[in-house]
Amino acid sequence: MSRNTLIKIASLILMVVSFIAYIAGASAFPIASENLLPWSVWFLISVIINIVLWSNVMKLLTFSLAVIWFYAFVASLVPESSTAVNLTELDWSDPEAVAEQGALVFNGKGQCSACHTVDTSAPKGRCPDLTDIGINAASRVPGTDAKTYLIESLYEPDKYLVPGYGKIMPEIWKAPIALSKLEIEAVIAYLQSQGGEIDPTPFDEPIDRADTAVAAAALPPLLTGDVEQGKKVFVSAACISCHAVQGIESPAAGETTTDFEVVTAPDLSEIAAFNDMRYLEESILLPSVQIVSGYGAVTVRANGTTYQGTLVSQDTEQIVVRTKTADGVEEEHTILLSELDEEPIEELSDLQAKGYFTLTLTPTDADAPVTGDIVSETDKTVTLKVNGEDKTFSKTEVKSQLTVLTFDGDEIVGAHISGTIDDDEIVLNVDGSEEVIDTFDVEEVTFTHASGKKLLITSPMPENFPLLLSVSDMTNLLSFLSTLTGATVEAVPAETNDASAE
Ligand code: HEC
Ligand code: HEC
């Protein structure tokens, strides 16, 4: 055999072996794997040698293999779709492999990647970026370790909300996503592999799948309405003046024929992809119950200035409010919650519903006012955290507070000791020290029972839809909204074209 023939045969063998190895997944072959040259590179080298050295028949074989390899290669670049994973068992002897299976669930069936990124350079969206969640999970909730936190994030996403984000994350173990326990275990391994250690300890699900199956079956069937009629309601009830929906023309600016002030609102083109009917119904009938993060309206006063605008973000220490000046310029203000002004409270009822989170009051049997964060409240009492301890106060046994507004624009709040606007002077106890105010300087006094800091977030969406919409309007509207999954928008006109062509 000539040297040339040897090279030809060797290269043919290399081509076939590397082809099979590549298709079968290189790890099955111990000789060469990713750390030497990848099988695809060996394959391409041998293809080139074969095409140069061999004549017709072998050239054809080489070429055919190269085409098959090319298709397999392209297919491997496309991310695995949801149907590609069907976990039946996890091999914890290789935690990295479990994490890889979790990545498939994350990008596929779990739909996590529709909301979350794992890439710090991605623009900040409505959902947290999960880069380094493996480490961060350990410090989110004091006293909760990383794995427990992740388990809770997935099974009960509403229980702890990452500051600044709304209740958007679905309970991914429930329909329609419906991840199995194995899939969730794999996803957790994947999340832990983002900067942390994979913890293979088995866990019990904090939910009862059987219970919810029964509960779901017991729910009444959802009403079905007329989608086309619903689309008309969407336009006539003026939803379209605030919300964009792909495929429906929004009224031109300045051309609105409605009573509503047009505001920036979420695009609803894909609203049904991740939200069920019940959420949609609640969004329309009780818009302030769950407010989409970044769209809430707030009015707060800090250091004497009033800020009215959109709540951009919020955490336990500060808020960011976007305001618009009279000439339309947008400004963002970062305001520390501790800097919010105390507002006088005339009536001590439903404090938390009104947005109060701290309270200053003077019990009738005490001299100095008490200040604390509101922990809980009943009709008759309110519990405050005062210096780290929970203390309960009666709402009726409090000293009156007086708010004095002077002609200079100063506002003095304190417990009333003596004097009214008709006397020469008014004496107040402000932060424990007595303050005497000459009534000559006083413009106005208001008696209140307490004061407190307040942050009330409301939805800019009108609240009167329950009155405006009839039951059939509402049913049709919900049926229309439930078609907005993002996918149908293109599909619908295509179908109608086909029908009219026949
Ligand atoms: C519809 C959008 C959406 C989908 C789908 C979704 N999430 Fe979330 N997720 C959120 C939002 C919003 C938050 C922040 C609010 C909260 O804590 O619930 C969040 C929070 C989290 C957190 C806590 C993050 C942190 O920084 O502490 C984890 C972990 C998480 N999601 C994992 C997942 C996984 C895994 C999936 C897929 C199985 C998934 N999410 C699917 C929207 C989503
Ligand atoms: C004045 C403007 C305005 C009008 C009119 C309006 N909305 Fe809204 N809507 C908003 C804003 C702002 C939000 C976001 C704040 C929130 O969650 O309440 C919102 C939220 C929603 C959401 C939740 C969106 C999400 O991403 O979770 C739905 C669904 C919705 N609106 C449907 C409707 C429908 C249906 C109508 C008509 C019947 C309507 N809206 C009319 C301003 C408006």
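Residues numbered from 1 in each chain as written. Chains lettered and ligands numbered in written order. Predicted model: local features only at pLDDT ≥ 70, side-chain atom pairs only at ≥ 80, totals over all residues.

Draft legend 1. Main features of the overall build of the chain. A count of helical and extended segments in the chain gives 16 helices and 15 strands. Counting only residues that meet the buried cut, the chain has 23% of its 502 residues in that class. (Helix = DSSP H or I, 4+ residues; strand = E, 2+ residues; numbered from the N terminus. Buried ≥ 20, exposed ≤ 12 C-beta atoms within 10 Å, placed from the backbone.)

Draft legend 2. Inspection of the site of ligand 2 at higher detail. Of all residues adjacent to ligand 2, which total 25 residues, the nearest are Cys 239, Cys 242, Ala 265, Tyr 295 and Ser 459. Secondary structure elements with two or more residues in the shell around ligand 2: helix H11 (239-242) and helix H13 (277-285). Per-class residue counts for the shell around ligand 2 are 21 nonpolar, four polar and no charged. (Near = placed C-beta within 6 Å. Nonpolar A, V, L, I, M, F, W, Y, C, P; charged D, E, K, R; others polar.)

Draft legend 3. The arrangement of the sheet that holds strand S4 (residues 330-336) in detail. One open sheet accounts for four strands, arranged S1-S2-S3-S4; its pairing is antiparallel. At either margin of the open sheet sits one strand with a lone partner, and together these are strand S1 (297-302) and S4. Adjacent strand axes in the sheet meet at a mean angle of 45 degrees when their direction is disregarded. Across seven bridges, strand S3 (residues 318-324) lies against S4 in antiparallel orientation. Paired with Thr 323 across the bridge in S4 is Glu 331. (Pairing = 2+ DSSP bridges. Axes fitted to C-alpha atoms, helices over the stretch in contact; angles between N-to-C directions.)

Draft legend 4. Summary view of the environment of Ser 113. Looking at where Ser 113 falls in the secondary structure, it is placed in helix H5 (residues 112-115). When the C-alpha positions of Ser 113 and Asp 129 are compared, they lie 10.0 Å apart, and in sequence the two are 16 residues distant. Ignoring anything within four residues of it in the chain, the contact list for Ser 113 reads Phe 106 and Asn 107. (Contact = placed C-beta atoms within 7 Å.)

Draft legend 5. Just the nonpolar core, in detail. Judged by nonpolar contacts, the single largest core of 24 residues is most densely connected at Leu 150, Val 187, Ile 188, Tyr 190 and Leu 191. Of all the secondary-structure elements, those providing two or more residues to this core are helix H4 (95-107), helix H7 (146-155) and helix H8 (181-192). Those residues in contact with Val 187, other than ones at most four positions away along the chain, are Gly 102, Val 105, Phe 106, Gly 110 and Leu 154. Formed by 14 residues, the second largest nonpolar core is a distinct cluster that contains Leu 268, Leu 478, Leu 481 and Leu 484. (Core = buried A, V, L, I, M, F, W, Y, C linked by C-beta atoms within 7 Å.)

Draft legend 6. Inspection of the pairing of S3 at higher detail. Pairing of strand S2 (residues 305-314) with S3, which is carried by four bridges, proceeds in the antiparallel orientation. Bridging from a neighbouring strand, Leu 311 pairs with Val 321 of S3. Where S2 folds back onto S3 in an antiparallel hairpin, the turn is made up of three residues. Taken together, S3 and the strand that follows it, S4, pair antiparallel across an intervening segment of five residues, in which Gly 328 is found at a positive phi of about 85 degrees.

Draft legend 7. Representation of the site of ligand 1. Close contacts around ligand 1 come from 27 residues, with Gly 110, Cys 112, Cys 115, Tyr 165 and Met 169 the closest. Taken together, the elements giving at least two residues each to the shell around ligand 1 come down to H5, helix H6 (133-136), H7 and H8. Within the shell around ligand 1, the residues separate by chemical class into 20 nonpolar, five polar and two charged.

Draft legend 8. View of the pairing of S1. Where S1 lies against S2, six bridges are found, and the strand directions are antiparallel. Its bridge partner being in S2, Ala 302 is matched across the sheet by Thr 305. Adjacent in sequence and paired antiparallel, S1 and S2 are bridged by two residues, among which Asn 303 carries a positive phi angle near 50 degrees.

Draft legend 9. Highlighting the confidence of the model for the chain. In the predicted model, the chain carries a mean pLDDT of 82, and the fraction of residues at 70 or more is 87%. Low pLDDT, under 50, characterises residues 80-84; the predicted model gives this stretch nine contacts beyond four residues in sequence or across chains. Between residues 488-502, whose pLDDT stays under 50, and residues either more than four places distant or in other chains, the model counts four contacts. (pLDDT = per-residue confidence, 0-100.)

Draft legend 10. Inspection of helix H10 (residues 227-236) at higher detail. All buried positions along H10 are accounted for by Gly 230, Lys 231, Val 233 and Phe 234. Viewed along the axis of H10, the buried residues span an arc of 160 degrees, placing them on a single side of the element. Residues of H10 that are buried make contact with H11 and helix H15 (471-481). Positioned one or two residues after H10, Ala 238 has a phi angle of 70 degrees, which is positive. (Arc of directions from axis to C-beta.)

Draft legend 11. Seen up close, the packing of H4 against H8. Remark: H4 packs on H8, axes separated minimally by 7 Å, with the N-to-C direction vectors making an angle of 105 degrees. The angle between H4 and H8 places the two elements in the roughly perpendicular class. Within the contact between the two elements, H4 uses Pro 95, Val 98, Ala 99, Gln 101, Gly 102, Ala 103, Val 105 and Phe 106 and H8 uses Glu 183, Ala 186, Val 187, Ala 189 and Tyr 190. (Parallel < 35°, antiparallel > 145°, perpendicular 65-115°, else oblique.)

Draft legend 12. Region of interest: the environment of Phe 407. With respect to the helices and strands, the residue Phe 407 is situated in the loop between strand S10 (401-406) and strand S11 (411-418). Separated by 34 residues in sequence, Phe 407 and Asp 441 have C-alpha atoms that sit 5.8 Å apart. When near neighbours in sequence (up to four residues on either side) are disregarded, Phe 407 contacts Asp 441 and Glu 443.

Draft legend 13. Here's a closer look at the environment of Phe 480. Residue position: Phe 480 is located in helix H15. By C-beta crowding, Phe 480 is classed as buried, having 24 other C-beta atoms within 10 Å. Placed 256 residues apart in sequence, Phe 480 and Thr 224 show a C-alpha to C-alpha distance of 9.8 Å. Those residues within four positions of Phe 480 in sequence are excluded, and the remaining contacts are Val 227, Gly 230, Lys 231 and Phe 234.

Draft legend 14. Spotlight on the sheet that holds S11. What the five strands build is an open sheet, ordered S13-S12-S11-S10-S14; its pairing is antiparallel. Each edge of the open sheet is held by one strand with a lone partner, namely strand S13 (433-438) and strand S14 (442-448). Across the sheet, the mean angle from the axis of one strand to that of its neighbour is 40 degrees, orientation sign disregarded. Bridging between S10 and S11 involves five bridges; their strand directions are antiparallel.

Draft legend 15. Seen up close, the packing of H7 against H8. Here H7 crosses H8 at 125 degrees, and the two axes come no closer than 10 Å. The angle between H7 and H8 places the two elements in the oblique class. Every pair of crossing elements has a handedness; the one defined by H7 and H8 is right-handed. Where H7 approaches H8, its residues Ala 146, Lys 147, Leu 150, Ile 151 and Leu 154 are matched on the opposing element by Ile 184, Val 187, Ile 188, Leu 191 and Gln 192. Considered class by class, the residues forming the contact of H7 with H8 number eight nonpolar, one polar and one charged. (Left-handed = near helix turned anticlockwise from the far one by under 90°.)

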